[in-house]
Amino acid sequence: MIKVKALEDKKSCGSMRIAVIDAFNGASGNMIIGALYDEVIQREDIEKIVDELNLEVEYKIERVVKKGITSNLVRVKSETKERSFKEVVELVESSRIDERVKKEVIKIFERLAKAEGKVHGRDYKKAKFHEVGSDDAIFDITLSALGFLRLRERGYRIYTNRVRTGVGFVEFTHGRYPSPAPATLEILANSKIEVLMEGEGELLTPTAAAILAHFSEGTFKNSFKINKILYGAGEKETEVPNVLRIILGEAKIHDRIVVVETNVDDLSPEYLSYAVEKLSEMSHDVYVTPVLMKKGRLGSLLSAIVSYDKAEEVAEKMMELTGSLGVRILPVEHRLKAYREVKEIKVKINEREYRVRVKLSDYRIKPEYEDVKRICEAENLSPEEVYKRIMKVIE
């Protein structure tokens, strides 16, 4: 049973919860865990992860003050172990940790493996991890994954402010390398994270880069209300407070969109319909408005509402499909959105069970049309009848 009221615990009308990771002095695995500790990770979680993965680590959780900022410091030690990507995957898959956490941990290590493979010019599946294959790195990644999954369960979307990476040189197993490390740069190259290359030494570790790249939806660039700040400390003493902040807040749901449009007066209805169909695959919505053009000619205004970053791609496609010599790209300054989510439910009709996607928003519940149509064709029922039966299950 699905009800709109059930969503009110997750977010208020037209708003969403956000967790903004502010790595103004870089990030490491233990800094991320420190910030998440007490809020979504408890000591028993740490003990359970260590036991279920059979990790040989020593850890200690302290409350420390870094240049006046009180933070959680998680000190973690283990012997350096060299493991292949395959060995790490086998270790995680054979453990008793939650399946959802396993899935995220393996994806994060895959990011690391692909970066290592790219740097060293070999198949990522054969990548050898040095420092990041050790038990402390597995500890950092697994607990971070657990913490961020729990934030998501509370309805938070995860973003990052610009991450300070550090510059200069650092010592690795292979020798002396520039900072950010080559693998760290490769991870960042395939992510939504924005960086600042400044600060002395290595401020952003490959492990932390992979964790943030995996979970971050990018830089949050709109206003929001701050509810709580979480702090995780690093072990080094630096010129600025060596802490990572996770800012929990709430923002109105809005985005940046544009309207791409053109006037056409010499395109057959069939071709115009085809243009609408193809542009719909790239847009939020596409519509046609009848217009009266110069010299009394009847024409059509073809409009597409699209994401800001797809504006030029859609504009080019519109010209290709209509033969138009030019299109207008009109920025929309502000669009407020209702909360929306898609859930899948099971519906039994005439002794057969069907999976139906249901669109939920602040104001309405609506079954996905394509799923209603599929059931209509299978059961020889009208759309109205199928819709009523689905709504009975929902309500």
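Cut-offs used in this document
Residues numbered from 1 in each chain as written. Predicted model: local features only at pLDDT ≥ 70, side-chain atom pairs only at ≥ 80, totals over all residues. Heavy atoms only, no water. Buried < 20%, exposed > 50% of the residue type's maximum accessible area, 1.4 Å probe, protein only. Helix = DSSP H or I, 4+ residues; strand = E, 2+ residues; numbered from the N terminus. Core = buried A, V, L, I, M, F, W, Y, C linked by side-chain atoms within 4.5 Å. Contact = heavy atoms within 4.5 Å. Salt bridge = Lys/Arg side-chain N within 4 Å of Asp/Glu carboxyl O. Pairing = 2+ DSSP bridges. Axes fitted to C-alpha atoms, helices over the stretch in contact; angles between N-to-C directions. Parallel < 35°, antiparallel > 145°, perpendicular 65-115°, else oblique. Left-handed = near helix turned anticlockwise from the far one by under 90°. Nonpolar A, V, L, I, M, F, W, Y, C, P; charged D, E, K, R; others polar. Patch = residues over 30% accessible without salt bridge, like charges linked within 9 Å, V, L, I, M, F, W, Y side chains within 5 Å. Areas by Shrake-Rupley, 256 points an atom, 1.4 Å probe, with all protein chains shown as cover. Lys, Arg positive; Asp, Glu negative; His and termini not counted. Charge placed at Lys NZ, Arg CZ, Asp CG, Glu CD.

A. Here's a closer look at helix H7 (residues 206-215). Buried residues dominate H7, accounting for 10 of its 10 residues. Taken as a whole, H7 has its buried residues at Pro-206, Thr-207, Ala-208, Ala-209, Ala-210, Ile-211, Leu-212, Ala-213, His-214 and Phe-215.

B. Representation of the nonpolar core within the structure. Among the nonpolar cores identified, the biggest contains 64 residues, and Phe-109, Phe-139, Phe-148 and Ile-246 are the most heavily contacted of them. Examining the composition of this core, we find that 9 residues originate from one element, helix H5 (residues 135-153), more than from any other. Those residues in contact with Phe-139 that lie beyond four places of it in its chain are Ile-33, Ile-46, Val-50, Leu-55, Val-57, Tyr-59, Val-74 and Val-76. The next biggest cluster of nonpolar side chains, apart from the first, holds 16 residues, and it includes Val-260, Leu-302, Met-318 and Leu-321.

C. The pattern of salt bridges, seen in detail. Applying the stated criterion across every chain, the model contains 31 salt bridges. A salt bridge links Arg-297 to Asp-265, with the nearest nitrogen and oxygen atoms 2.7 Å apart. A residue pair is termed long-range when its members are at least 10 positions apart, and Arg-297 in the loop between strand E14 (285-292) and strand E15 (298-307) and Asp-265 in the loop between strand E13 (254-264) and helix H8 (269-280) qualify at 32 residues. We classify Asp-265 as partly exposed; its relative accessible area is 30%. Three or more residues joined by partner-sharing salt bridges are found here, namely Glu-56, Lys-81, Arg-83 and Asp-135.

D. The arrangement of the sheet that holds strand E19 (residues 365-367) in detail. The strand order E17-E18-E19 describes an open sheet built from 3 strands, whose pairing is antiparallel. Only two strands of the sheet have a single neighbouring strand rather than two, namely strand E17 (340-349) and E19. Adjacent strand axes in the sheet meet at a mean angle of 30 degrees when their direction is disregarded. Looking at chain direction, E17 and strand E18 (residues 352-361) are connected through 10 bridges and run antiparallel. Within E18, the residue paired with Ile-349 across the bridge is Arg-352.

E. How the structure looks around unusual backbone geometry. Residues Ser-179 and Pro-180 are joined by a peptide bond in cis, for which omega reads 0 degrees. By secondary structure assignment, the location of Pro-180 is in the loop between strand E9 (175-179) and helix H6 (182-189). Residue Lys-67 is not a glycine yet carries a positive backbone phi of 50 degrees. Within the element layout of this structure, Lys-67 appears in the loop between strand E2 (58-66) and strand E3 (69-77). A positive phi angle, near 70 degrees, is found at Glu-351, a position not held by glycine. Checked against the element boundaries, Glu-351 lands in the loop between E17 and E18. Judged by relative accessible area, which is 69%, Glu-351 ranks as exposed.

F. The packing of helix H2 (residues 43-52) against H5, seen in detail. Between H2 and H5, the least distance of the axes is 10 Å, while the angle of their chain directions is 130 degrees. With respect to H5, the element H2 is oriented oblique. As H2 packs across H5, the resulting crossing turns out to be right-handed. Only Phe-139, Thr-142, Leu-143, Leu-146 and Arg-150 of H5 make contact with H2, whose side of the interface consists of Asp-45, Ile-46, Ile-49 and Val-50. When its residues are assigned to classes, the contact of H2 with H5 shows 6 nonpolar, 1 polar and 2 charged.

G. Up close: the packing of helix H10 (residues 369-379) against helix H11 (residues 383-394). Between H10 and H11, the shortest axis-to-axis distance is 9 Å and the interhelical angle comes to 115 degrees. One element, H10, and the other, H11, form an angle in the roughly perpendicular class. Crossing of H10 against H11: the hand is right-handed. Here H10 contributes Val-372, Ile-375 and Cys-376 to the contact with H11, which in turn contributes Pro-383, Val-386 and Ile-390. Grouping the constituent residues of the contact of H10 with H11 by class yields 6 nonpolar, no polar and no charged.

H. The pairing of E14, seen in detail. Taken together, the 8 bridges between E14 and E15 define a ladder with antiparallel strand orientation. Residue pairing in the sheet places Val-291 in a bridge with Gly-299 of E15. Between E14 and the antiparallel strand that follows it, E15, lie 5 residues; Lys-295 among them carries a positive phi value of about 60 degrees.

I. Structural context of a negative patch on the surface. Taken together, the side chains of Glu-82, Glu-87, Glu-90 and Glu-93 present a region of like negative charge at the surface. The residue Glu-90 is located in helix H3 (residues 85-93) in this model.

J. Highlighting the side chain of Asp-140. Topologically, Asp-140 is positioned in helix H5. Not counting residues within four places of it along the chain, the set of residues in contact with Asp-140 comprises Gly-29, Asn-30, Ile-33, Val-76, Thr-207 and Ile-211.

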